[in-house]
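A closer look at the structure
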Protein chains: 4
Amino acid sequence: MLKLGMLGAGRIGRLHGDNIAKFIKGAKLEAIADPYLTEDAKQWAKEIGVTKVFTDPEEIFKDSDIDAVLICSSTDTHAEFLMKAAAAKKHIFCEKPIDLDTERIKKAIQAAQDANVKLMVGFVRRFDRDHSSVANIVKSGDMGKPHIVKITSRDPEAPPLSYVKISGGIFTDMMIHDFDMARFLAGSEVTEVTAIGEICITPEIKQYDDIDTAIVSLKFENGAIGVIDNSRAARYGYDQRVEVHCDKGTVLDDNNLENYVKISTKDGVTIGKPTWFFLQRYNDAFVKEVQDFVDAVVNNTEVPVGGHDGLMSVYIAQAAKRSLDEKRTVLLSELM
Amino acid sequence: MLKLGMLGAGRIGRLHGDNIAKFIKGAKLEAIADPYLTEDAKQWAKEIGVTKVFTDPEEIFKDSDIDAVLICSSTDTHAEFLMKAAAAKKHIFCEKPIDLDTERIKKAIQAAQDANVKLMVGFVRRFDRDHSSVANIVKSGDMGKPHIVKITSRDPEAPPLSYVKISGGIFTDMMIHDFDMARFLAGSEVTEVTAIGEICITPEIKQYDDIDTAIVSLKFENGAIGVIDNSRAARYGYDQRVEVHCDKGTVLDDNNLENYVKISTKDGVTIGKPTWFFLQRYNDAFVKEVQDFVDAVVNNTEVPVGGHDGLMSVYIAQAAKRSLDEKRTVLLSELM
Amino acid sequence: MLKLGMLGAGRIGRLHGDNIAKFIKGAKLEAIADPYLTEDAKQWAKEIGVTKVFTDPEEIFKDSDIDAVLICSSTDTHAEFLMKAAAAKKHIFCEKPIDLDTERIKKAIQAAQDANVKLMVGFVRRFDRDHSSVANIVKSGDMGKPHIVKITSRDPEAPPLSYVKISGGIFTDMMIHDFDMARFLAGSEVTEVTAIGEICITPEIKQYDDIDTAIVSLKFENGAIGVIDNSRAARYGYDQRVEVHCDKGTVLDDNNLENYVKISTKDGVTIGKPTWFFLQRYNDAFVKEVQDFVDAVVNNTEVPVGGHDGLMSVYIAQAAKRSLDEKRTVLLSELM
Amino acid sequence: MLKLGMLGAGRIGRLHGDNIAKFIKGAKLEAIADPYLTEDAKQWAKEIGVTKVFTDPEEIFKDSDIDAVLICSSTDTHAEFLMKAAAAKKHIFCEKPIDLDTERIKKAIQAAQDANVKLMVGFVRRFDRDHSSVANIVKSGDMGKPHIVKITSRDPEAPPLSYVKISGGIFTDMMIHDFDMARFLAGSEVTEVTAIGEICITPEIKQYDDIDTAIVSLKFENGAIGVIDNSRAARYGYDQRVEVHCDKGTVLDDNNLENYVKISTKDGVTIGKPTWFFLQRYNDAFVKEVQDFVDAVVNNTEVPVGGHDGLMSVYIAQAAKRSLDEKRTVLLSELM
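By the naming in an unreviewed UniProt entry, chain A is Inositol 2-dehydrogenase, taken from Candidatus Epulonipiscium fishelsonii.

What follows is the structure in structure tokens.
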């Protein structure tokens, strides 16, 4: 039974905590640390059977009972916690992104390597039933080589301005998931990035040098090309579709719907809407993600998403921003 | 916190037990009784935190800690356990059917009424997200009065002969779910039943006076008509579709699929298959069913599926068999 | 170039006439006869290049230029015209039904046989791209033997009372198409018929001993069973779906839609409605039907839908009415 | 009755000729001119009732009976014929593109304006039922302002090398349709173009400085952004999908399928493939296109696709090629 410690008991931490209590086999959440621990969080910890509850993260690192940590705190603390966990010889699951600074990411990855601990990064969409089916079919080679990778990724509603201000921008905050998905689907590294974008939804974000609607084109090492479109406000739900056109044809997935009911009247035919947001769409994927981490630690096998994946997606996000600003294709090699 | 006792730790019992441990709010599985308790079942009980494990069902009835029971034993024991639970003033969730004999069902219902305890029958499909959406839309009246109720219900593969032998026949064993669904969708009682059927899949079942492929037409009190088709072997999965044509149009649901991936090549276009069987399709419905029972007990409100529903579906099944044998429409009033 | 004469220049006659002028290869519409010939019809005949326009049908029969006739007049004249055409040694395409009286149908069929002329009956749905695909897949045997044949067939809006009065009833007027389709899909003769029905839409039709909503179950010689549901008022368009469940799985078609546009907003997702009525849905089928008739005459091959098909569908319709009245399964052999 | 003359009796000319003979109201094809007139073409002209058949195009221009011409000859002759037709005061329908040289296009447009004759350019996809529905919904304003325009456009199989050699490249030959569609859907002019591309299918086309797989991003005057992906070899048919994400949600269309039949077995579920190529997909659109031209001439109203549209799509194609070569965003204003 793997013993887990969690850093950060916010929305994503609680999501993982609930999943571990209900679904994860072979692991147990032993301790939680959060400097801003609320009474509500304490109550929650109790309900899911966690007895060690700290405000000081150091308590987790020094607890020799803990085999592995889940870093679910705010992004600016990820790299530091990661390095401390590595120093304490604990395996690491880290929410994305590891950091916004690629040098710090590299250091963190090196620390985990030096400590010989597993490091997995939380790109949850890779564990979605449908997206992973698409990736597996491409990977199998049955469709021939990939030619075009397409990702549609739209949040249901624009976030508040306060969020946008500290988000790091659409490429690092939102499209980073799609950059990782693009690499996953193509089975190849991105080499060139070309971005265009506009402010279509929230004019006020101009002050933060951000955009809310973006299209990014990609070239991959294996000769494929790709494109991602992002909108901060789909309105009809969480639009998450991927498509890979290959030598022998196309494999794609469509949105999961709230229901599969069809109503036909003289006024028209209506069907179910896409599920509303990531909690609805990627619920099962969050479980599978942590289970795969636990299994990789227990069986000492490779984690499915490693530090390198965390690093590359940040490079691509930075290249996208530069491309947008300079109105030109940016080679990833310019940044590395 | 409602304390539950479970009678029968077979497949369906364990399903409910796991669900209660993981998902049900406001209730706890306190005790399990099964005369044929295996070591495996004991281990399972331990894992989900049940400490009271008996071979004698009486231990459940006489345990004053237990507020309500879940009857998950074999069909021939349902009515007896139900009456004993009523005598012990425990609320009752009973798997379908209550019994195959309508007189015994009536007695059991009376016992629960006399004891003033809740009695809910496990017609799980009523709790399916899509079927219940269809029913709710019809019930809302927005589509006008229902005219035609259609149910397609096909198991993936034919059961073994040994199962068919003791099943009670396709109408009581399999289509009984659809009879309840038909009443649920029409929002009205069935008045007339007309059945046809054939042996298309397993010639050997002729010796048990059974069929494996059936079509049953229904008339309802509210003027609607309906039809159910059953096959014991769909082959492509669990085919579960319902449709209600109303005065203003049609509302229907399509199967839930294993995935929403589409593969297009020169050889054709393939999409996901329907989910394989009831564990895949009705997993969430099993949870909702028990939660609704628990809530009805805790809040002292009406259970969503009562003894009357359990009785009527057996009457319809009996009418269907008689119609099949006599090649004529059978009025439900002939049997009541 | 086959020379055609048309009897009846009403709606269906003009449909065929337009199609012949535009699309049919190897045939030419040479003459039209209609006792109630309007100025408008004369103008139309001129536009499509027909020079011989008569009010007396006899002109068609005695015109030695005419190789074949299309009987598009009112039902009560079909059998008579058919026999006269046969006597004049002209090949015959006859709109359905040949007659409502099975003895007269038999005589008409005999007349065509004795004259050694082709006789084709206009069951247009057999020529629909999707329905015929379903039938061909079943016929190929790739899916194994058919078990269940299902047909959904609903007109968009109820016809006027004046029409219902002279229609011959829902089974002969509307479901007769589905009876033929059922035989076509099953690839087998119907042996037993069981009908239920209600008046759900137009209470006034009670005076004509008719219903507007019906479900008819069928048994076939090859061991399959089937069911048809009819409604006179779908409201959302022309609902035309067929399905055959076979030993290895199911083959079905869905409605053709007005368009394949999807609109997604926070209020819901809408898709295209089914095409409105038979002119929209079966337009291409009407062309293919006449082309196949022309080809069969020119190449002296068998017509795809013969007099026997015309006869059987009327028998099934009569059995359905008797079943409805007598609340019992009716064997087709009782009528033959 | 408008009298039409056709220049060029090749594939596209015959398509229009057949359509005019069968479907077009208010016009008649009077004369055909083709310098390479085959016996086969003469036979065809006879069959569709065209009596004036020339090898010298001048015969058309000087024939005072002819009201309007359809220029269906090879691209290099379009501008010349267009100017001659204008000089002869004949209205003009010209297949796309008018020319590959924007200066010549401008001169041709000017000639038509000076002569006060209609000039329509054959961007047939605008007349597709589904694409035009999408455009109309966007135009209505019901969905709010457009944010993202997406076009998927893939031919079924790569053309022969001999074709690629003289095609003018993927942007001018193939994606030009999509550039026009993008302007049509956005309801706005393109201002910036960014292209990436690869050779994924036919390595030999490298010698012609061409690519076979391309993604082009666009910015529009109204603040929308867009993206088009092209592949010369979809394999599964003609993939033609458009999508516009707007302020209130998304409107998109899916491919028209060969049929709407679904086959479900244990091995999987298959549905119909997209229609094979433009003759199948855009057949009705070709008819509507010419009918709209005829109506605009007869009623003296504006043609739906004018010379300006023909010019802009060539500018965008040129910008795309420059962007591909220079790895940067190209402003359309740089070219104008």
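Before going further, it helps to spend a moment on the nonpolar core. In terms of nonpolar packing, the biggest core is built from 105 residues, with Ile92 and Phe171 of chain B touching the most fellow members. A domain split of this core shows at least three residues from each of domain 1 (2-117) and domain 2 (126-282 + 312-334) of chain B. Apart from the residues within four sequence positions on either side, Ile92 of chain B is in contact with Val69, Ile71, Leu82, Ala85, Ala86, Ala112, Val117, Lys118, Leu119, Met120 and Phe293 of chain B. Core analysis: the second largest hydrophobic core is formed by 104 residues, Leu4, Ile32, Ala182 and Ala317 of chain A among them.

This part is about the relation of the copies chain A and chain D. Turning chain A through 180 degrees and shifting it by 0.0 Å along the axis lays it on chain D, with an RMSD of 0.0 Å. On this basis, the relationship between the two copies can be described by a two-fold rotation axis. The position closest to the rotation axis in chain A is occupied by the C-alpha of Arg328 of chain A, lying 1.9 Å away. The residues that chain A uses at the interface reappear at the interface of chain D in 100% of cases, marking a shared surface.

A word on the pairing of strand β11 (residues 239-246) of chain D. Looking down a regular strand, the side chains alternate between one sheet face and the other. Residues and elements named next belong to chain D. Counting buried positions over the 8 residues of β11 gives 8, a clear majority of the element. Here β11 shows a buried face lined by Asp239, Arg241, Glu243 and His245 and a second buried face lined by Gln240, Val242, Val244 and Cys246. Examined bridge by bridge, strand β7 (residues 146-154) and β11 share 8 bridges and lie antiparallel to one another. Counterpart to Lys150 in the pairing with β11 is Glu243.

Before going further, it helps to spend a moment on the interface of chain A and chain D. The interface of chain A with chain D comprises 40 residues on the first partner and 40 residues on the second. For the pair chain A and chain D, the summed buried surface comes to about 3,300 Å²; carbon and sulfur atoms form 56% of the total. Here chain A and chain D share 12 salt bridges between them. Two residues, Asp247 of chain D and Arg235 of chain A, come together in a salt bridge whose shortest N-O distance is 3.4 Å.

The next point concerns unusual backbone geometry. Of note, the amide linkage connecting Lys96 of chain A to Pro97 of chain A takes the cis form, showing an omega dihedral of -15 degrees. One can find Pro97 of chain A in the loop between β5 (91-95) and α5 (102-115). Unusually for a residue other than glycine, Lys327 of chain A sits at a positive phi of about 50 degrees. Mapped onto the elements, Lys327 of chain A comes out in the loop between α12 (307-326) and β15 (330-331). Its identity is not glycine, yet Asn116 of chain B carries a phi of approximately 60 degrees, on the positive side. Residue placement: Asn116 of chain B occurs in the loop between α5 (102-115) and β6 (119-122). When its relative accessible area of 68% is taken as the criterion, Asn116 of chain B is described as exposed.

When chain B is brought onto chain C, the operation consists of a screw motion whose angular component is 180 degrees and whose axial shift is 0.0 Å, with 0.0 Å RMSD remaining. The residues that chain B uses at the interface reappear at the interface of chain C in 100% of cases, marking a shared surface.

Residue and element names in this part refer to chain C. On strand β6 (residues 119-122), burial covers both faces: Leu119 and Val121 on one face and Met120 and Gly122 on the other are all buried. Where strand β5 (residues 91-95) lies against β6, 4 bridges are found, and the strand directions are parallel. Note that in β6 the partner of Cys94 across the bridge is Val121.

Contact residues are listed per partner, giving 40 residues for chain B and 40 residues for chain C. Across the chain B/chain C interface, buried area totals approximately 3,300 Å², and carbon plus sulfur atoms make up 56% of it. Looking at the side of chain B facing chain C, the largest losses of area belong to Ile196, Ile225 and Lys327 of chain B, adding up to 17% of the total buried there. Seen at the junction of chain B and chain C, the total is 27 residue pairs in polar contact (both at pLDDT 80 or more). Contributing elements (two or more residues each) for the side of chain B that touches chain C: β7 (146-154), β8 (190-198), β9 (213-220), β10 (225-231), β11 (239-246) and β12 (249-253) of chain B.

Attention shifts here to the domain arrangement of chain A. Residues and elements named next belong to chain A. As assigned here, chain A comprises domain 1 (2-117) and domain 2 (129-281 + 312-334). The interface of domain 1 with domain 2 comprises 9 residues on the first partner and 9 residues on the second. At the boundary of domain 1 with domain 2, total buried surface from both sides reaches about 780 Å², with 70% on carbon and sulfur atoms. Ranking the residues of domain 1 by area buried against domain 2 places Lys96, Leu100 and Thr102 at the top, with a combined share of 55%. For the interface between domain 1 and domain 2, the tally reads 0 salt bridges. Among the secondary structure elements, those contributing two or more residues to the side of domain 1 that touches domain 2 are α1 (11-22) and α5. Examining the composition of the side of domain 1 that touches domain 2, we find that 3 residues originate from one element, α5, more than from any other. Here the residues of the side of domain 1 that touches domain 2 are counted per class, giving 4 nonpolar, 1 polar and 4 charged.

Quick notes on the rules
- Within each chain, residues carry numbers counting from 1 in the order of the written sequence.
- Chain letters start at A and ligand numbers start at 1, both assigned in the order the entries are written.
- Reporting in this predicted model follows two pLDDT cut-offs: at least 70 for local features of residues, and 80 or more for side-chain atom pairs to be given and counted; totals over whole chains, interfaces and linings ignore these cut-offs and use all residues.
- With hydrogens and water excluded, all non-hydrogen atoms of the structure serve as input to the side-chain values.
- Grouping buried Ala, Val, Leu, Ile, Met, Phe, Trp, Tyr and Cys residues that are joined through side-chain atoms within 4.5 Å yields what is termed a nonpolar core.
- Only protein chains enter the accessibility calculation, which uses a 1.4 Å probe; a residue whose area is less than 20% of its type maximum is buried, one above 50% is exposed, and one in between is partly exposed.
- A domain assignment, automatic or from a database, supplies the domain bounds used here.
- For this analysis, residues touch if any pair of their heavy atoms sits within 4.5 Å.
- A least-squares superposition brings the copies together, and it is based on the C-alpha atoms of residues with pLDDT no lower than 70 in both.
- Each helix is a run of DSSP H or I of at least 4 residues and each strand a run of E of at least 2, with the numbering of both proceeding from the N terminus.
- In this scheme, strands are said to pair when DSSP sees at least two bridges between them.
- When two parts are brought into contact, each loses some accessible area as probed by a 1.4 Å sphere; the total of that loss over both is the buried area.
- By convention in these notes, a salt bridge is any Lys or Arg side-chain nitrogen within 4 Å of a carboxyl oxygen on Asp or Glu.
- For the purposes of these results, a polar contact is taken to be a pair of N or O atoms within 3.5 Å, where, inside protein, one atom must be able to donate a hydrogen and its partner to accept one; residues adjacent in sequence count only when each atom of the pair is a side-chain atom.
- Think of it as three bins: nonpolar holds Ala, Val, Leu, Ile, Met, Phe, Trp, Tyr, Cys and Pro, charged holds Asp, Glu, Lys and Arg, and polar takes everything else, Gly as well.

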